Amino acid sequence: MRIGKMMAAGLAAIAVVAGLAGCAPAEGLVGRMGAGAGGGADRILVVGAENQYSDVAAQIGGKYVTATAIIQNPNTDPHTFEASVSVAKDLSAARIVVQNGLGYDDFMTKLESASPSKDRIVITAQDVLGLPNDTANPHLWYDPKTMPAVAKRIAASLGRIDPSHKAYFAKNLATFDASMKTWGDQLAAFRSTHAGTPVAVTEPVADDLLKAAGVDVETPWSLQAAIMNDTDPSPQDSALQNALLTGKKVKALLYNRQVTDQVTERFLRVARANGIPVVGVSETMPAGYHYQGWMEATLKALRVAIETGASTDKR
């Protein structure tokens, strides 16, 4: 399963991390990064497994936090990861770790076990949302409910670590929640004009956004899951997907532009040949965005595709 293997660290890399954990200054940090440790004087180090989570942590923590991400390059396949010395150092010094869960970033659990700290707070989006382990779609950040809940947990955790700035973190949380209203309003406006619009997808990366936008995903879940897990979809599912595209039964095709294979490329060719606009979505936040702007841009790309027929392969 590709998601299960996602970013899985090799045994040698885990051994390196474990070795670093043995010499990490667990008690001497007193909950904060010192200037010599790479985080800036008196800043709390927060490590996000993915950069969308570290971005939200940075927005909540502001000047009292140094936030870094392990997965942050939107131009690479996020399903391949090997632990490095720098990753191990950051993790060993982190007071807060924010991760997705649902098997998406299982490598984090391995790294945390190899570099234990009784002072580290681990925030897992799956747990914050109370989702069972068999939840089918792990791309939680595309759900409008996810980041406000995670941000609230981050603010509370920062307040426990640094009580003297609890009000500051609460103010930043309020600012973040207010900023999310723009995306919420855009989703509502989209639903009012495009609810029920049929679309096709290759993977369920943005399915939660599509659900919130009120569009209908016509692609069988079994095909989405097969491509997500790096297996071949059944001939029946492939035929149905091709029929959606050749029959012009959908208004757009959304695909994961970070991870493509022969199956995905074939669907893209069929879509383009039949005048179906293509919208590229990603699992890692592109450079130049904050989380909110990324989600707004994704929705805008979908709206442009449906209303004008224009593809948005890259943003």
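Please read these numbers as outputs of a predicted model, since none were measured by experiment. Per-chain numbering applies: the sequence of each chain, read as written, is numbered from 1 onward. Confidence filtering applies because this is a predicted model: local features only for residues at pLDDT of at least 70, side-chain atom pairs given and counted only at 80 or more, and all residues used for totals across whole chains, interfaces and linings. The side-chain quantities take in all heavy atoms of the structure and omit both hydrogens and water.

**So, the overall build of the chain**
Next, step 1: Where helices and strands are cited, they refer to DSSP runs of H or I of at least four residues and of E of at least two residues respectively, numbered from the N terminus. On a plain count of helices and strands, the chain comes out with 13 helices and eight strands.
Next, step 2: The Shrake-Rupley method, run with a 1.4 Å probe sphere, supplies the accessible areas, and residue values consider only the shown protein chains as cover. Summed over its atoms, the accessible surface of the chain is roughly 13,200 Å², and 54% of this surface lies on carbon and sulfur atoms.

**A look at the pairing of strand 4 (residues 121-124)**
Next, step 1: Strands were regarded as paired on the criterion that DSSP finds at least two bridges between them. Here strand 3 (residues 96-99) pairs with strand 4 via four bridges, running parallel. Among the inter-strand pairings, I96 is bridged to a residue of strand 4, identified as I121.
Next, step 2: Crossover handedness is defined here as right-handed if the route from the first strand over the helix to the second strand goes clockwise, with the strands pointing away from the viewer. Crossover connection from strand 3 via helix 5 (residues 107-114) to parallel strand 4: handedness right-handed.

**Quick look at the layout of surface pockets**
Next, step 1: Cavity: a set of points on a 1 Å grid over the protein atoms alone where a 1.4 Å probe fits but cannot get out. Pocket: an open set with protein on both sides within 12 Å along at least five of seven lines, its lining residues, like those of a cavity, having an atom within 4 Å of a point. Grid points are joined across faces, edges and corners, and a volume is the space filled by probe spheres set on the points. Roughly 240 Å³ of internal volume is contained in the largest pocket.
Next, step 2: What lines the largest pocket is L129, L131, T135, N137, L140, D143, P144, K145, T146, D208, K211 and A212.
Next, step 3: Gly counts as polar in this scheme, as do all residues outside two lists: the nonpolar Ala, Val, Leu, Ile, Met, Phe, Trp, Tyr, Cys and Pro, and the charged Asp, Glu, Lys and Arg. In terms of residue class, the lining of the largest pocket is built from five nonpolar, three polar and four charged.

**What to know about the pairing of strand 2 (residues 65-71)**
Next, step 1: Remark: exposure states derive from per-residue accessible area (1.4 Å probe, protein chains only) relative to the maximum for the residue type, with buried under 20%, exposed over 50%, and partly exposed in between. Of all seven residues in strand 2, five are buried, a share of seventy percent or more.
Next, step 2: Relative to strand 2, strand 1 (residues 44-50) is paired through six bridges, and the arrangement is parallel. From the neighbouring strand, I44 faces strand 2, where its bridge partner is V65.
Next, step 3: Handedness of the β-α-β unit built from strand 1, helix 3 (residues 51-61) and strand 2 comes out right-handed.

**Describing the pattern of salt bridges**
Next, step 1: Definition used for salt bridges: Asp or Glu carboxyl oxygen within 4 Å of a side-chain nitrogen of Lys or Arg. Across all of its chains, the model carries four salt bridges by this definition.
Next, step 2: In this structure, K181 and D185 form a salt bridge, with 2.8 Å as the shortest nitrogen-oxygen distance. Of the two residues, K181 and D185 are both situated in helix 8 (residues 166-194); the distance of four residues between them amounts to about one turn of the helix.
Next, step 3: What makes D185 partly exposed here is its relative accessible area of 41%.

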